[in-house]
Amino acid sequence: MALPDRRLPVLPELEQLERQAEELLQAMHALDPDAVAELKERHPGDIAPSDAMLADAKLVLARGYRADSWARLVQSVQLAGATWRDDLEAVRDLVTANPRLLHEPVLIRTTAIGGRR
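The structure reproduced in this document is the subject of the present report. Please read all numbers here as calculations on a predicted model, not as lab measurements.

**A short note on the environment of Ala-71**
- Within the element layout of this structure, Ala-71 appears in helix α4 (residues 70-84).
- Residue classification places Ala-71 among the partly exposed residues on the basis of a relative accessible area of 46%.
- As a C-alpha pair, Ala-71 and Lys-58 span 13 residues in sequence and 9.3 Å in three-dimensional space.

See below:
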């Protein structure tokens, strides 16, 4: 049974994603069924939930957002932020350093709460 994909807010924040990863790790260690299922489905290794580390939770979380890795998720969040700030230089730098970002399948909601973009 495939797990549903996660969706980033319109303007994602790295601090919130860090908290989500920490909470996911805690849930894995507590043997929460949803967290364990996510670990099993989205992590390439065969890791016992009690042995999971923060890096494992970050990878699982990133893959839940359809990013290949935590680093790629961070870059996608940085690109979204630069786009919202109309920071053309930051967008150019990110895309020049990581051209695949233009085709990254990271899922970002299309509208904010209340219908604002």
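**What to know about the nonpolar core**
- Among the nonpolar cores identified, the biggest contains 20 residues, and Leu-17, Leu-24, Met-28, Leu-61 and Leu-73 are the most heavily contacted of them.
- Breaking this core down by element, the ones donating at least two residues are α1 (14-29), α2 (33-42), α3 (54-64) and α4.
- Take this core: its biggest share by element is 5 residues, from α1.
- Every residue in contact with Leu-24, bar those within four places of it in the chain, is listed here: Arg-6, Ala-35, Glu-38, Ala-57, Val-60 and Leu-61.

**Some details on the pattern of salt bridges**
- For the structure on display, the rule yields 5 salt bridges.
- Between Arg-85 and Asp-87 there is a salt bridge, with the nearest N and O atoms lying 3.8 Å from each other.
- Here Asp-87 falls in the partly exposed class, since its relative accessible area comes to 29%.
- One connected set of salt bridges, linked through shared partners, spans Arg-6, Glu-38 and Arg-42.

Calculation notes
Residues numbered from 1 in each chain as written. Predicted model: local features only at pLDDT ≥ 70, side-chain atom pairs only at ≥ 80, totals over all residues. Heavy atoms only, no water. Helix = DSSP H or I, 4+ residues; strand = E, 2+ residues; numbered from the N terminus. Buried < 20%, exposed > 50% of the residue type's maximum accessible area, 1.4 Å probe, protein only. Core = buried A, V, L, I, M, F, W, Y, C linked by side-chain atoms within 4.5 Å. Contact = heavy atoms within 4.5 Å. Salt bridge = Lys/Arg side-chain N within 4 Å of Asp/Glu carboxyl O.

No statement about biological role is implied by the geometric values presented.
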